[in-house]
Amino acid sequence: MLYKFKKKSPTTAANTFIAPGSRVIGDVEIAKHSSIWYNTVLRADMAEIKIGEYSNVQENSTVHVKQNQGVEIGDYVTIGHNAVIHACKIGSKSLIGMNATILSGAWIGEGSIVGAGAVVPENAEIPPGSLVLGVPAKVIRSITKEKIIELKQHAVHYADLAARQEDIEEIK
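Just so you know, these numbers come straight off a predicted model, no measurement behind them.

Q: Please explain the overall build of the chain as it appears in this structure.
A: Secondary structure summary: the chain contains one helix and 20 strands in total. Relative to the globule expectation of 16 Å for 172 residues, the C-alpha radius of gyration of the chain, 15 Å, shows essentially globular dimensions. Considering the chain as a whole, with its 172 residues, one finds that 45% of them fall into the buried category. Counted over contacts in the chain with a minimum sequence separation of 6, partners at least 24 positions apart contribute 10%. When the accessible surface of the chain is totalled, it reaches about 8800 Å², and 51% of it is carbon and sulfur. Each charge class in the chain can be summarised by its mean position, and for the 18 positive and 18 negative side chains these summaries are 5 Å apart.

Dropping the structure here:
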């Protein structure tokens, strides 16, 4: 469901998918071929949330802002189930693992992987092409160019899956 907040309404481009049960609130912009999966919350009540092309935010994730500090999610980004994305920037062709948390002011460089359950501290800067694991999250090693291509393909797969959601039928 899309909700207006203080005269700001979400905008969605062509071919976006917002699953039933999701809440998209306020100053949110979702680019083409992106998907917001079941029971996800995007709450832009104090700043803007921008989601690039072919990106997906999977089930039960929360994307929120803080006063004058929004969220930017690049193109071809996959955000895994139950992630918390708070007032940060995520570069294109990145993957944020299940149950990962990215805290305010953090910057995830393009082509990076934040592993499942990792917690990226406030204002952390993760260089492009990094594998990041742990609590607090630390850079473990660089990602290969081949893996970055796989990350982009993974995001395209979710766009294809979202395009087939019309085949889902509620059973009453």
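Q: Can you walk me through the nonpolar core in this structure?
A: If you look at soluble globular proteins, the nonpolar side chains tend to sit buried side by side. If you look at the biggest cluster of nonpolar residues, it comprises 32 residues, and the most contacted ones within it are Ile85 and Val120. Residue assignment for this core shows that the elements contributing at least two residues are β4 (23–30), β6 (41–51) and β9 (71–73). Looking at this core, the element that brings in the most residues is β6, giving five residues. If we skip the residues at most four places from it in the chain, Ile85 touches Thr62, Val63, His64, Val71, Ile79, Ile90, Ile96 and Ile102.

Q: I tried to follow the sheet that holds strand β5 (residues 35–36) on my own but got confused; where do I start?
A: Within a beta sheet, neighbouring strands are joined by backbone hydrogen bonds and run either parallel or antiparallel to one another. Spatially, eight strands are ordered β3-β5-β7-β10-β13-β16-β19-β20 in an open sheet, and the strand pairing comes out mixed. Only two strands of the sheet have a single partner each, and these edge strands are β3 (17–18) and β20 (138–142). Across two bridges, the pairing between strand β13 (residues 95–96) and strand β16 (residues 113–114) is parallel. Note on β16: the bridge partner recorded for Leu95 is Ile113.

Q: Help me understand the side chain of Ser112 in this model?
A: With respect to the secondary-structure elements, Ser112 resides in the loop between β15 (107–108) and β16. The class of Ser112 is buried, set by a relative accessible area of 0%. Discounting residues that sit within four places of it in the chain, Ser112 has contacts with Lys93, Ser94, Leu95, Ile126, Pro127, Pro128, Gly129, Ser130 and Leu151.

Q: What is the right way to look at the environment of Cys88 in this model?
A: Its place among the elements puts Cys88 in the loop between β11 (84–86) and β12 (89–90). Taking C-alpha positions, Cys88 is 9.5 Å from Lys66, a pair spaced 22 residues apart along the chain. Among all residues touching Cys88, those that are not within four sequence positions of it are Gly70, Val71, Glu72, Ile102, Leu103, Gly105 and Ala106.

Q: Could you clarify how one ought to interpret the pattern of salt bridges in this entry?
A: Where charged atoms of side chains with opposite charge meet at close range, the side chains can pair. Tallied over the entire structure, the rule returns five salt bridges. Put simply, Lys89 and Glu72 hold a salt bridge, and the shortest N to O gap is 3.9 Å. Here Glu72 lies in strand β9 and Lys89 lies in strand β12, a separation of 17 residues in the sequence. Among the residues examined, Lys89 registers a relative accessible area of 42% and is labelled partly exposed. Owing to a relative accessible area of 42%, Glu72 belongs among the partly exposed residues under this scheme. One salt bridge in this structure joins Lys93 and Glu110, with 3.2 Å as the shortest N-O distance. Remark: Glu110 occurs in the loop between β15 and β16 and Lys93 occurs in the loop between β12 and β13; sequence separation between them is 17 residues. Exposure remark for Lys93: the relative accessible area of 25% places this residue in the partly exposed category. Looking at Glu110, the relative accessible area reads 40%, which means it is partly exposed.

The rules behind these values
Residues numbered from 1 in each chain as written. Predicted model: local features only at pLDDT ≥ 70, side-chain atom pairs only at ≥ 80, totals over all residues. Heavy atoms only, no water. Helix = DSSP H or I, 4+ residues; strand = E, 2+ residues; numbered from the N terminus. Rg over C-alpha atoms; globule rule 2.2 N^0.38 Å. Buried < 20%, exposed > 50% of the residue type's maximum accessible area, 1.4 Å probe, protein only. Contact = heavy atoms within 4.5 Å. Areas by Shrake-Rupley, 256 points an atom, 1.4 Å probe, with all protein chains shown as cover. Lys, Arg positive; Asp, Glu negative; His and termini not counted. Charge placed at Lys NZ, Arg CZ, Asp CG, Glu CD. Core = buried A, V, L, I, M, F, W, Y, C linked by side-chain atoms within 4.5 Å. Pairing = 2+ DSSP bridges. Salt bridge = Lys/Arg side-chain N within 4 Å of Asp/Glu carboxyl O.

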